[in-house]
Amino acid sequence: MTDAATDCEPIISIRGLRKTYHVGEVDVHALRGVDLDVQPGEFVSVVGPSGSGKSTLFHIVGGLTHPTSGIIRIAGRDLFGMSDAERTDLRKTTVGFVFQKYNLLPTLTARENIEIARDIAHKEGPLPPQFLDILKLLGIEGRLDHKPRALSGGEQQRVAIARAIVNQPAILLADEPTGNLDTENSNAVLALLRDLNGRLGQTILMITHNPEAAGYGHRIVRMRDGHIE
Amino acid sequence: MTNKLVFENLRHRPVRTLIGIVVIAIQVTLILTLVGLKEGVMSDQANRNRGVGADIMVRPPSSSIISMSGGMPTGIAKRIDQQPDVKLSTGVLQQGTDLFNYVTGLDLSQFDKLSGGFHFLSGGPFQHPDDVIIDEFYARQHKYHVGDTIMLLNRPWRVSGIYEPGMLTRVVVPLQTLQDLTANTGKVSMIYVKLDDPSKTDQVVSQLRQVLKDYRIYSMEEFTSLYSVSNVPMLQGFIWVVIGLGVVVGFLAILLSMYTAVLERTREIGVLKALGASPAYILNILLREAALIAVIGAVLGILFSYVTRFLIHNVVPASLIQAIVPEWWPIAGAIAVVGALLGALGPGLKAARQDAIEALAYD
């Protein structure tokens, strides 16, 4: 990340973010006033124990759920007042997800898994030529016509990364992207994320339990009991 | 890409998909077979009446299109014969034997003059009062041959001849024997009239209506046109009930199939939502799946209707005639598709409204 980048308006700006889940008659305070700024092109690792609110933060930033209160702006858009349709649009255009369990559609090939993301974003036609370079970088250009069951965990995760960035979202959200991988594949995926961040200037917010994985980011944010430490 | 996903989803669970297709096919077959039977039986009746070669038909007062009971004196035929332009007339008596069949009693010599006679494939006309002649379909269905003794109306008859189908009826006995046997001595249930000049049919019909007040007098063209389902209200209602049941069965089959599909693919639905798929996109996928199952099922159902026709024609050729009614293909197909879409709507909306986070956490 360049110094210039740090001077820009944050691509993720969070102030006093709270989220309370109602579980039966019990209120669970998952986030208790989170403040966080992430600059464009920054690679931020979010670490913390289970129940610290990492995943809730991930879901709110990704537009998967509403915050209870606070201010949150993603790429200049106020997330708090967004309707369901606007949050759907945010996921389509501004954020991409990488999950721990890869979450590829099992009935489609790797290529089709990537193309479905383009289809959802109303982008017609085959993958653009410049994206083929990224597929080479990810090392999956020769595995595109295989279904997920024929791919290794590392390959599936790299396909998931390709799917997450094919529509050039401003932010890539990765939830434990190496949680299901062995060390070799974990290192490869993390190196790829850092490489993509460097080459494409992709803002990355990565949740992880693994301190070693967290070290791949520019900055580590630690969460505990719904707060950022 | 959406179509590819739809196709692959269906291919991914072949047994479930096949069951959905077969249920829809059965639904469509049911509709087409029923409609085919209605059309087939009605047009067969009409064709057999046309085959008589008469120009006018006279029936008793208060009779209906499906009534077969006796009811008018044979002397009516003599009055008809006295009318200008009438060449000859002959009365027949019909007596039902079961739901689909009836025995016709007629004066064979008089009937031959009117119709040109039966074309016998084996044997020949009655020789005795207890003789019966049958058409080829009836003989084939019951495996009867000339010389066999058959039971009709609780008494034995000897088969004296087997004739080519398409003439009036399937089972014919001497008129007087049937009249005596059914306590209709001196009565007939209809009279066929042949004219010197068929172009004068309308004129003679008007004449006869003056002479035979209250009697049902039709030109054969008019009479055969009455063989339609709209003139048999109960049958019309029955058809709609069966179609309704078909829609319900198709609806439930797809509802169940799509409901299990949505449950099974909960996580995938969450993934699509995370990728930015709108509720409409998710609903669209499931509706397309249901529509594809319904369309394939409908095509298969049309093919099955040929199978049912083959079976009916070979197992009960004398009882039921199933026509192929292509005009009903799009109707049956539309019923199947609409039923399937309605069945998929509930599970589809459930999927579309699924919370993305819960869906992604689903195992």
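These numbers come from a predicted model, not from an experiment. (Residues numbered from 1 in each chain as written. Chains lettered and ligands numbered in written order. Predicted model: local features only at pLDDT ≥ 70, side-chain atom pairs only at ≥ 80, totals over all residues.)

Chemist: What am I meant to see in the overall build of chain B here?
Modeler: If you tally the helices and strands in chain B, you get 13 helices and 12 strands. Radius of gyration (C-alpha) of chain B: 29 Å, far over the 21 Å computed for a compact globule of 363 residues. In chain B, which comprises 363 residues, the proportion classed as buried is 41%. Across chain B, the fraction of contacts at a sequence separation of at least 24, relative to all contacts at a separation of at least 6, is 84%. (Helix = DSSP H or I, 4+ residues; strand = E, 2+ residues; numbered from the N terminus. Rg over C-alpha atoms; globule rule 2.2 N^0.38 Å. Buried ≥ 20, exposed ≤ 12 C-beta atoms within 10 Å, placed from the backbone. Contact = placed C-beta atoms within 7 Å.)

Chemist: Whenever I open this one, the overall build of chain A confuses me. Can you help?
Modeler: If you tally the helices and strands in chain A, you get eight helices and 10 strands. In summary, chain A has a C-alpha radius of gyration of 17 Å against a globular reference of 17 Å for 229 residues, a match within 12%. Dimensions of chain A, computed from C-alpha atoms along their principal axes, come out at roughly 50 × 45 × 35 Å. Looking at chain A as a whole, 48% of its 229 residues are labelled buried.

Chemist: What is the right way to look at the domain arrangement of chain B in this model?
Modeler: Reports often express the size of an interface as the amount of accessible area lost when the parts come together. Its domain assignment divides chain B into domain 1 (2-44 + 232-361) and domain 2 (61-214). Here domain 1 of chain B and domain 2 of chain B have C-alpha centroids that lie 47 Å from each other. (Domains from an automatic or database assignment.)

Chemist: Please explain the nonpolar core as it appears in this structure.
Modeler: What tends to happen in soluble globular proteins is that the nonpolar side chains get buried as a cluster. Judged by nonpolar contacts, the single largest core of 115 residues is most densely connected at Ala-162 and Leu-205 of chain A together with Ile-24 of chain B. At 13 residues, helix α2 (residues 14-50) of chain B tops the list of elements feeding residues into this core. Contacts of Ile-24 of chain B, omitting those with residues within four sequence positions, involve Gly-250, Ala-253, Ile-293, Ala-294, Gly-297, Ala-298, Gly-301, Ala-336 and Ala-340 of chain B. Ranked by size, the runner-up nonpolar core spans 45 residues in total, among them Ile-56, Val-92, Val-159 and Val-188 of chain B. (Core = buried A, V, L, I, M, F, W, Y, C linked by C-beta atoms within 7 Å.)

Chemist: Would you mind going over the sheet that holds strand β10 (residues 227-228) of chain A with me for this structure?
Modeler: All names here are of chain A. Taken together, six strands build an open sheet; the order of strands is β6-β7-β8-β3-β9-β10 and the sheet is mixed. Each edge of the sheet is formed by a strand with only one pairing partner; in this case those strands are β6 (95-98) and β10. Here strand β7 (residues 171-175) runs beside strand β8 (residues 203-208); their pairing, made up of five bridges, is parallel. By the bridge assignment, Ala-174 is partnered in β8 with Met-206. Sitting on the sheet, helix α6 (residues 153-165) is in contact with β6 and β7, with an inclination near 170 degrees to β6. Each of β3 (43-47), β7 and β8 is contacted by helix α7 (residues 183-200), which is oriented at about 160 degrees to β8, the strand it contacts most. (Pairing = 2+ DSSP bridges. Axes fitted to C-alpha atoms, helices over the stretch in contact; angles between N-to-C directions.)

Chemist: Any chance you could explain helix α10 (residues 266-274) of chain B here in plain terms?
Modeler: Three or four residues apart is the spacing at which side chains of an α-helix point the same way, because the helix has 3.6 residues per turn. For α10 of chain B, the buried fraction is high: seven of the nine residues fall into the buried class. Among the structural elements, α3 (84-93) and β6 of chain A together with α11 (279-315), α12 (328-352) and α13 (356-361) of chain B are those in contact with the buried residues of α10 of chain B. In the segment just after α10 of chain B, Gly-276 of chain B is the residue with positive phi, at about 105 degrees.

Chemist: Help me out: how do you make sense of helix α4 (residues 110-120) of chain A in this one?
Modeler: Among the 11 residues that make up α4 of chain A, eight are buried, leaving the element largely enclosed by the rest of the structure. Taken residue by residue, α4 of chain A has Ala-110, Asn-113, Ile-114, Glu-115, Ile-116, Ala-117, Arg-118 and Ile-120 of chain A as its buried positions. Buried residues in α4 of chain A make contact with α3 and α6 of chain A together with α1 (2-12) and α11 of chain B. Among the residues trailing α4 of chain A, His-122 of chain A stands out with phi positive, at a value near 60 degrees.

Chemist: Any chance you could explain the pairing of β8 of chain A here in plain terms?
Modeler: The two faces of the sheet receive side chains in turn, since in a regular strand these alternate between them. All names here are of chain A. Within β8, six of the six residues are buried, which leaves the element mostly enclosed by the surrounding structure. Alternating positions in β8 separate into two faces, Thr-203, Leu-205 and Ile-207 on one and Ile-204, Met-206 and Thr-208 on the other, with burial throughout. As paired strands, β3 and β8 are joined by five bridges and run parallel to one another. Each bridged residue has a counterpart across the sheet, and for Val-44 the counterpart in β8 is Leu-205.

Chemist: I'm lost on the sheet that holds strand β2 (residues 26-38) of chain A in this one. Help?
Modeler: Where strands meet in a sheet, backbone hydrogen bonds hold them as pairs that are either parallel or antiparallel. Residue and element names in this part refer to chain A. Spatially, β2-β1-β4-β5 is the arrangement adopted by the four strands of the open sheet, whose pairing is antiparallel. Looking along the sheet, the strands with just one partner apiece sit at the ends: β2 and β5 (77-78). Two elements, strand β1 (residues 12-23) and β2, share 10 bridges in a ladder whose sense is antiparallel. Bridged to Ser-13 within β2 is Asp-37.

Chemist: Would you explain the pairing of β6 of chain A in this entry?
Modeler: Residues and elements named next belong to chain A. Side chains Val-95 and Phe-97 project from β6 onto one buried face, and the interleaved Gly-96 and Val-98 project onto a second face that is buried too. Pairing geometry for β6 and β7, over four bridges, is parallel. In the sheet register, Gly-96 faces β7, and the bridge partner there is Leu-172.

Chemist: I keep staring at the interface of chain A and chain B and nothing clicks. Help me out?
Modeler: Each side of the interface is counted separately: chain A has 18 residues, and chain B has 18 residues. Elements supplying a minimum of two residues to the side of chain A that touches chain B: α3 and α4 of chain A. In the side of chain A that touches chain B, the residues fall into eight nonpolar, five polar and five charged. (Nonpolar A, V, L, I, M, F, W, Y, C, P; charged D, E, K, R; others polar.)

Chemist: Would you explain the packing of helix α5 (residues 129-138) of chain A against α6 of chain A in this entry?
Modeler: Packed helix pairs are characterised by how far apart their axes lie and by the angle those axes make with each other. Residues and elements named next belong to chain A. At a closest axis distance of 10 Å, the pairing of α5 and α6 adopts a crossing angle of 155 degrees. In terms of axis orientation, α5 runs roughly antiparallel to α6. You can see that α5 and α6 cross each other, and the crossing is right-handed. Together, Ile-134, Leu-135 and Leu-138 of α5 and Arg-158, Ile-161 and Ala-162 of α6 make up the contact between the two elements. Here the contact of α5 with α6 is built from residues that sort into five nonpolar, no polar and one charged. (Parallel < 35°, antiparallel > 145°, perpendicular 65-115°, else oblique. Left-handed = near helix turned anticlockwise from the far one by under 90°.)

Chemist: I tried to follow the environment of Val-6 of chain B on my own but got confused; where do I start?
Modeler: All names here are of chain B. Within the fold, Val-6 resides in helix α1. In this structure, the C-alpha to C-alpha distance between Val-6 and Arg-309, residues 303 residues apart in sequence, is 34 Å. With sequence-adjacent residues up to four places away left out, Val-6 is seen in contact with Ile-285, Arg-288, Glu-289 and Leu-292.

Chemist: I keep staring at unusual backbone geometry and nothing clicks. Help me out?
Modeler: Excluding glycine, most residues fall at negative phi; most peptide bonds, likewise, are trans. Residues and elements named next belong to chain B. We note that Leu-153 has phi near 55 degrees; this positive angle belongs to a residue other than glycine. Note that Leu-153 resides in the loop between β7 (149-152) and β8 (155-163). You can call Leu-153 partly exposed: it has 15 C-beta atoms within 10 Å. Located in the positive-phi region is Ala-183, a residue other than glycine, with phi close to 60 degrees. The class for Ala-183 is exposed, based on 8 C-beta atoms found within 10 Å.

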